[in-house]
Amino acid sequence: TEGLHTDSGAALHQLYYDPNIENKNLAQKWLMQAQVSPQAWQFCWALLSPDKVPEIQYFGASALHTKISRYWGDIPTEQYDSLKSQLFAQIARFASGSKIVLTRLCVALASLALNMMPEAWPGAVTEMVRVFQEEGGGVDGRARCLALLELLTVLPEEFQTSRLPQYRKGQVRGALGSEWVAVSPLLQQLLRQADSPGLVKARVLKCLSSWVLLDVPLNESEGLVEDCFTALGDPELFDAAVEAIVNAISQPDSQRYVNTLLKLVPQVLQLQEQLREAVQNGDMETSHGICRIAIALGENHSRALLEQVEHWQGFLALVNMIMFCTGIPGHYPVNETTSSLTLTFWYTLQDDIMSFEAEKQAVYLQVYRPVYFQLVDVLLHKAQFPADEEYASWSSDEKEQFRIYRVDISDTLMYVYEMLGAELLSNLYDKLGRLLTSSDQSTSWQHTEALLYGFQSIAETIDVNYSDVIPGLIGLIPRISITNVQLADTVMFTIGALAEWLADHPVMLSSVLPLVLQALGNPDLSISSVSTLKKICRECKYDLPPYATNIVAVSQEVLIKQIHKTSQCMWLMQALGFLLSALPVEEILRNLHSLITPYIQQLEKLSEETPNPSNKLAIIHILGLLSNLFTTLDITKQDEESGDNQPPVKSAPPQTGPNPVVVVLQQVFALIQNVLSKWLNDSQVVEAVCAIFEKSVKTLLHEFAPMVSQLSEMLGQMYSTIPQASALDLTRQMVHIFASETDHFPPIRALFELVTSVTLSIFQQGPRDHPDIVDSFMQLQAQALKRKPDLFLSENLDVKAVFHCGVLSLKFPEAPTVKSTCLFFTELLPHCADVPPVAQVVQEDGKLLLQAVLEAIGGQSSRSVMDQFAEVLFSLNKHCFSLLTVWLKEALQSPGFPSTRVSEEQKDTFSQQVLRERVNKRRVKDIVKEFTLMCRGLHGTEYAADY
């Protein structure tokens, strides 16, 4: 022990004072182990001796706490009492010593008490109070009093973080609750004594905060909470008093004590004078603290207080006090940070009022509708931008916080709309109208912007089609003199929010479209103008042909001038795709020609150059523009939106001549091949090329037919030279749409066979470096089995090799690859019945598949993919039942397989459960989940609970 004690002193010295980080780490590791060693008991006390420095004493106290809190079971019952008296003695000794050591010792004694309560140490808290109130030990009364308060404060905190089992937690919480009677009078006496030092009172308040979190009944702490209100007048005690009051009234249990809550309302209202003074003097701390108290009472108890009808005036006064907090002067977050705390209160109050039955609700709405209209005014005032020069002085962080604050206000307005309805829009419209038509020159742009922002907040998510004020609003928009970026942005976003309305009232397009096109030329309005144009082109495309020439001309100009960043250029191309979709084919072609020609010429020039990083970016940019244009250029009228993953197979419209996109693709095909030939090594360029065709195939579906054989040939050449995942993904799209069409089956089959044989040779060379290719390959095989299982009848396809690659791929560490492979097997197994080569390979080698699945369940694969393996198992059971019965028996016979942690009996149970379930897939997933936890040794642990 002596040696250990000396070593630990040396290790601690290293930890605190050795500049070498490796020595520090070694010392830390050694100390962690020393703490849990059986000798720790002896050296802990030795390290606490008075001749040691505080860091070493602190370690001794921490080690004691570790032993008591985590290794309680190691302590013999007969040592409890001596441990308790030693700790009491040490705390008395350190009462006037190092504060950090004192706190750790108090935490250690608290942990001891929690472990012994209630049987082994009944009345623990009462005893603590008694021991420290007795004179003696040569320690002065004030130091003893502070040590006792520290101990009483850490006791509930230690309970909140303790690792007591659930049933003990309930017992101990009850025991602590019953001891509040020993704590409460002490705290009250210390707070009310005239000669109590400020430091002692502050500790009392902190102690109260800690105890009320144990759900001490509010009526039992009522007197102390009143004392806290008195303490708010003392600047030294203010913060601690606020915490204590807020904690006491925020306890979930406190709503049971309505009488106490009613007594608190006037006490909170009495703080209004102090609040106004604080605001006038710019004392943010005080105003923030008082607002927190008012909000805590309102937000946690609005329902209970609303129900007290005879006290309605008191509650209304509290609501108005919170309104003052919402509208507190100054700009968030620079001059105040309080108003944002109030927003949840307004949601809660509205929910409570709207949840009453109709008659009662009507009565409350008479009182509270005007309050909510006032709230809208206050919120829009708070959402206003500061003066330009002030805003310019803000940091980027402050600007970002203000942006988020405005989003929160926007969400609140949208919510309030549910209560106030159409009258809210009329109200905003009247204000905006008065503002824009008044002759008063002093109105600021900030005022206009905030009103528009209110409109936009509501129109963005709520269907405003029935509203009679929107035509007037659209009529007002052109009257706004736009003098700065923030206002212009809001005007754009407001027009964007009304795009669906414009589709129903196309006559109004002519008054707003010019504003949007003008804004497109301003780089500062890039995001708002482009996203608004895209919304209008998407929603109103059938009403835009008269404006098309103009829109295309302006768009071309801003693209050539390179006003926008890459992502906005892509959005702009999507907008043009929507716009062109509604034009006659010859006009589409004419517009495409003028729009794309400059880029094609640029691409021709780039394709002649030697590859380098800057021309690579330019090529990817141009290919991206084409992809985005073809994503939305769809001349078929589609009534229903289709899912994202797979395009619907829709019928081609009666139409003369090829699709415009196909015409363009055929014209640039040779050029794209030329670009590819130089950049085949670069996965990003290959991906960008594949994206053009993939987007076109997804949009055009069968109209893409004329390109199938050309594209199949090019894909085959690309993939044979340098295999890339994006080429497989595009092949999968083609298989999905064209494999079942007789005309296109030959080129698709040739392509499918070619990429399969190229990928099989990758497997022979070692596929581990290409998880993305393996993933895409498995998805392609699954798609082929789903759309055209005949592909597996060809003698050019080595079904056995594909099956073996699948078994290998199940062992990859990458979850996405494993999921795709499981999907392949769940598509493959049902075809045992109708595709003889599949039936043959499953019969011969299916046992290998089962073994791979069992290894994965046994712990080889991540727990996140167990559901997918369960599906493969379910599929085997459904389609190869008699074989599975034999294979399972043989595979599970091997000792230690699939895990040494499961017994023969557990393996048998698992096998029987699986074979029994041929209908209920969900049940098989549960069986697998349970078995994998057993195999991993996690069954019944807290890890299992997260699973």
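Small disclaimer: the values here were computed from a predicted structure and weren't measured.

(A) Region of interest: the overall build of the protein. Broken down by element type, the protein carries 46 helices and 0 strands. Over its C-alpha atoms, taken along the principal directions, the protein stretches across nearly 105 × 90 × 65 Å. Relative to its full complement of 947 residues, the protein shows a buried share of 53%. Of all intrachain contacts in the protein linking residues separated by at least 6 positions in sequence, the fraction that spans at least 24 positions is 74%. Carbon and sulfur atoms make up 51% of the accessible area of the protein, which totals about 41900 Å². Distance from the positive charge centre (71 side chains) to the negative charge centre (107 side chains) of the protein: 5 Å.

(B) View of the packing of helix α37 (residues 745-765) against helix α39 (residues 799-809). Two elements in contact, α37 and α39, have axes separated by 11 Å at closest approach and are oriented at 50°. On the basis of their axis angle, the class for α37 and α39 is oblique. Considering how the two elements wind past one another, α37 and α39 form a crossing that is left-handed. Here T756, L760 and F763 of α37 lie close against α39, whose contacting residues are A801, V802, C805, L808 and S809. Residues that form the contact of α37 with α39 fall into these classes: 6 nonpolar, 2 polar and no charged.

(C) Focus on the packing of aromatic side chains. Counted under the stated rule, the structure contains 21 aromatic pairs. Aromatic side chains W72 and Y80 sit 4.7 Å apart centroid to centroid with 20° between the ring planes, which places their arrangement in the stacked category. Considered together, W72 and Y80 belong to a single accessibility category, that of buried residues. Between F763 and F777 the ring centres are 6.4 Å apart and the planes differ by 50°, which places this aromatic pair in the tilted class. Here the residue F763 occupies a position in helix α37, and F777 occupies one in helix α38 (residues 771-787), the gap between them amounting to 14 residues. Put simply, the rings of Y332, F385, Y391, W394, F402, Y405 and W445 pair up and form one aromatic cluster. In this structure, K67 packs its charged tip against the face of Y71, placed 5.6 Å from the ring centre. Geometry around F159 places K169 over its ring, the cationic atom sitting 5.5 Å from the centre.

(D) Fine view of the side chain of E753. Its location among the elements puts E753 in helix α37. Discounting chain neighbours no more than four positions away, the residues touching E753 are S794, N796 and L797.

(E) Just the confidence of the model for the protein, in detail. On average, residues of the protein score 90 in pLDDT, and 92% of them are at 70 or above. This model gives residues 639-654 a pLDDT under 50, and the stretch forms 26 contacts once residues within four places in sequence are excluded.

(F) Molecular detail of unusual backbone geometry. The omega torsion of the bond from M117 to P118 falls at -15°, within 30 degrees of zero and hence cis. Position of P118 among the secondary structure elements: in the loop between α6 (99-116) and α7 (124-133). Across the junction of Y332 and P333, the peptide omega takes the value -5°, indicating a cis bond. Position of P333 relative to the elements: it lies in the loop between α17 (312-326) and α18 (343-354). With phi around 65°, D215 is a residue other than glycine that occupies positive phi space. With respect to the helices and strands, D215 occurs in the loop between α11 (198-212) and α12 (222-231).

(G) Spotlight on the nonpolar core. The biggest cluster of nonpolar side chains holds 327 residues, and the ones touching the most others in it are W211, Y368, F693, F704 and F792. The residues contacting F792, other than those within four sequence positions of it, are F752, Q781, A784, L785, L797, V799, L828, V835, P837 and V838.

(H) Focus on the pattern of salt bridges. Taken as a whole and assessed by the stated rule, the structure comprises 29 salt bridges. In this structure, D729 engages R732 in a salt bridge whose closest nitrogen and oxygen atoms are separated by 3.3 Å. On the criterion of helical spacing, the pair formed by D729 and R732 is a turn pair, its members being 3 residues apart in helix α36 (residues 725-738). Classification of R732 by relative accessible area gives buried; the value is 14%. Here the salt bridges share partners, and the residues they tie into one network are D81, K84 and E127.

(I) Region of interest: helix α14 (residues 258-269). With 12 residues, α14 should cover 16 Å at 1.5 Å per step; its first-to-last C-alpha distance of 17 Å lies within 8% of that length. Among the residues of α14, T260, L261, L262, L264, V265, Q267, V268 and L269 are the ones counted as buried. In the core, the buried residues of α14 are packed alongside α12, α13 (238-250), α15 (272-280), α16 (284-307) and α17.

(J) Spotlight on the packing of α36 against α38. Running from N to C, α36 and α38 cross one another at 10°; their axes reach a closest spacing of 9 Å. Overall, the two elements α36 and α38 adopt an arrangement that is roughly parallel. In contact with A725, L728, D729, T731, R732, V735 and H736 of α36, α38 contributes D772, I773, S776, F777, Q779, L780, Q783, A784 and R787. Tallied by class, the residues present in the contact of α36 with α38 amount to 7 nonpolar, 5 polar and 4 charged.

(K) Fine view of helix α28 (residues 526-539). Across its 14 residues, α28 extends 20 Å between first and last C-alpha, which sits within 8% of the 20 Å expected from 1.5 Å per residue. Extensive coverage of α28 is indicated by the burial of 10 of its 14 residues. Residues of α28 that are buried include every one of S526, S528, S529, V530, S531, T532, L533, K534, I536 and C537, and no others. In the core, the buried residues of α28 are packed alongside α25 (485-497), α26 (499-504), α27 (509-519), α29 (548-560) and α30 (566-581).

(L) Structural context of the environment of D729. Remark: the alpha-carbon pair of D729 and P54, spanning 675 residues in sequence, is separated by 65 Å. Within polar-contact distance, the side chain of D729 engages the side chain of S776 at 3.0 Å.

(M) Representation of the environment of S567. For S567, the location among the structural elements is in helix α30. Note: C-alpha distance between S567 and L625 (58 residues apart in sequence) is 9.7 Å.

(N) Geometry of the environment of N320. Among the secondary structure elements, N320 is positioned in helix α17. Under the relative-accessibility criterion, N320 is labelled partly exposed at 36%. Separated by 55 residues in sequence, N320 and L375 have C-alpha atoms that sit 9.9 Å apart.

(O) The arrangement of the side chain of Q267 in detail. Inspection of the secondary structure puts Q267 in helix α14. A distance of 3.3 Å separates a polar atom in the side chain of Q267 from the backbone oxygen of K263. Contacts of Q267, omitting those with residues within four sequence positions, involve E226 and F229.

Criteria and thresholds
Residues numbered from 1 in each chain as written. Predicted model: local features only at pLDDT ≥ 70, side-chain atom pairs only at ≥ 80, totals over all residues. Heavy atoms only, no water. Helix = DSSP H or I, 4+ residues; strand = E, 2+ residues; numbered from the N terminus. Buried < 20%, exposed > 50% of the residue type's maximum accessible area, 1.4 Å probe, protein only. Contact = heavy atoms within 4.5 Å. Areas by Shrake-Rupley, 256 points an atom, 1.4 Å probe, with all protein chains shown as cover. Lys, Arg positive; Asp, Glu negative; His and termini not counted. Charge placed at Lys NZ, Arg CZ, Asp CG, Glu CD. Axes fitted to C-alpha atoms, helices over the stretch in contact; angles between N-to-C directions. Parallel < 35°, antiparallel > 145°, perpendicular 65-115°, else oblique. Left-handed = near helix turned anticlockwise from the far one by under 90°. Nonpolar A, V, L, I, M, F, W, Y, C, P; charged D, E, K, R; others polar. Phe/Tyr/Trp six-rings, centres within 6.5 Å; stacked < 30°, edge-to-face > 60°. Lys NZ or Arg CZ within 6 Å of the ring centre and 35° of its normal. pLDDT = per-residue confidence, 0-100. Core = buried A, V, L, I, M, F, W, Y, C linked by side-chain atoms within 4.5 Å. Salt bridge = Lys/Arg side-chain N within 4 Å of Asp/Glu carboxyl O. Expected span 1.5 Å × (residues − 1). Polar contact = N/O pair within 3.5 Å; in protein donor to acceptor, adjacent residues only side chain to side chain.

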